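# Structural description and commentary
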Amino acid sequence: SFKRYCKTLTLRKDPELIEAYRKIHQPGETWPEVSRGMKEVGILDMEIYISGTLLFMIMDTLPDFEHDRAMEELASKPRQKEWEAFVARFQETPASATADEKWQPMERIYKLDP
């Protein structure tokens, strides 16, 4: 069992920046400290999808995951602030924003009946 969160973020409308953003998210390109920090706060899996400038994140967490507390803890992890500043140039968000401030939660409005 797990909790699922879906979030969205908008990239700058610049094809070169979007291509570079894609590259830094390829296997082996994201900073290992950032991935490790996410796992340490209870994130079990994460996927990011892209359509034009729109990013869509699916984040699966431990069942007892407390979102706000975990995001505060994540922000204090090694290299997390540095990563957020690094990726800010791609995003329509302030460079000083935390991951939680950048990624806006989405509301589920439909689920297929079992």
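Everything below is about the structure shown above.
These remarks concern the structure in this document. Note that this is a predicted model, so its numbers are computed, not measured.

### Concerning the sheet that holds strand E2 (residues 43-51)
Sheet strands line up and pair through hydrogen bonds in the backbone, either parallel or antiparallel. Read across the open sheet, the four strands follow the order E2-E3-E1-E4; overall the sheet is antiparallel. The sheet is open, and its two borders are formed by E2 and strand E4 (104-105), each paired with just one other strand. Judged from the two bridges that link them, strand E1 (residues 3-10) and E4 form a sheet pairing that is antiparallel. The residue of E4 that forms the bridge with Lys7 is Pro105. Helix H3 (residues 67-75) rests against E1, E2 and strand E3 (54-61) of the sheet, and its axis sits at about 60° to E1.

### Describing the pattern of salt bridges
Going through the model one piece at a time under the given rule, you end up with nine salt bridges. Between Glu73 and Lys77 there is a salt bridge, with its nearest N and O atoms 3.7 Å apart. Overall, the relative accessible area of 29% leaves Glu73 in the partly exposed class. With relative accessibility at 17%, the residue Lys77 sits in the buried group. Between Lys102 and Glu84 there is a salt bridge, and its shortest N-O distance comes to 3.1 Å. One end of the pair, Lys102, is in helix H5 (residues 99-102); the other, Glu84, is in helix H4 (residues 80-87), and 18 residues separate them in sequence. One salt-bridge network, in which partners are shared between bridges, spans Glu40, Glu66, Arg69, Glu73 and Lys77.

### Observations regarding unusual backbone geometry
A positive phi angle, near 70°, is found at Arg79, a position not held by glycine. The residue Arg79 is located in the loop between H3 and H4 in this model. Looking at Arg79, the relative accessible area reads 33%, which means it is partly exposed.

About the thresholds
- Residues numbered from 1 in each chain as written.
- Predicted model: local features only at pLDDT ≥ 70, side-chain atom pairs only at ≥ 80, totals over all residues.
- Heavy atoms only, no water.
- Pairing = 2+ DSSP bridges.
- Helix = DSSP H or I, 4+ residues; strand = E, 2+ residues; numbered from the N terminus.
- Contact = heavy atoms within 4.5 Å.
- Axes fitted to C-alpha atoms, helices over the stretch in contact; angles between N-to-C directions.
- Salt bridge = Lys/Arg side-chain N within 4 Å of Asp/Glu carboxyl O.
- Buried < 20%, exposed > 50% of the residue type's maximum accessible area, 1.4 Å probe, protein only.

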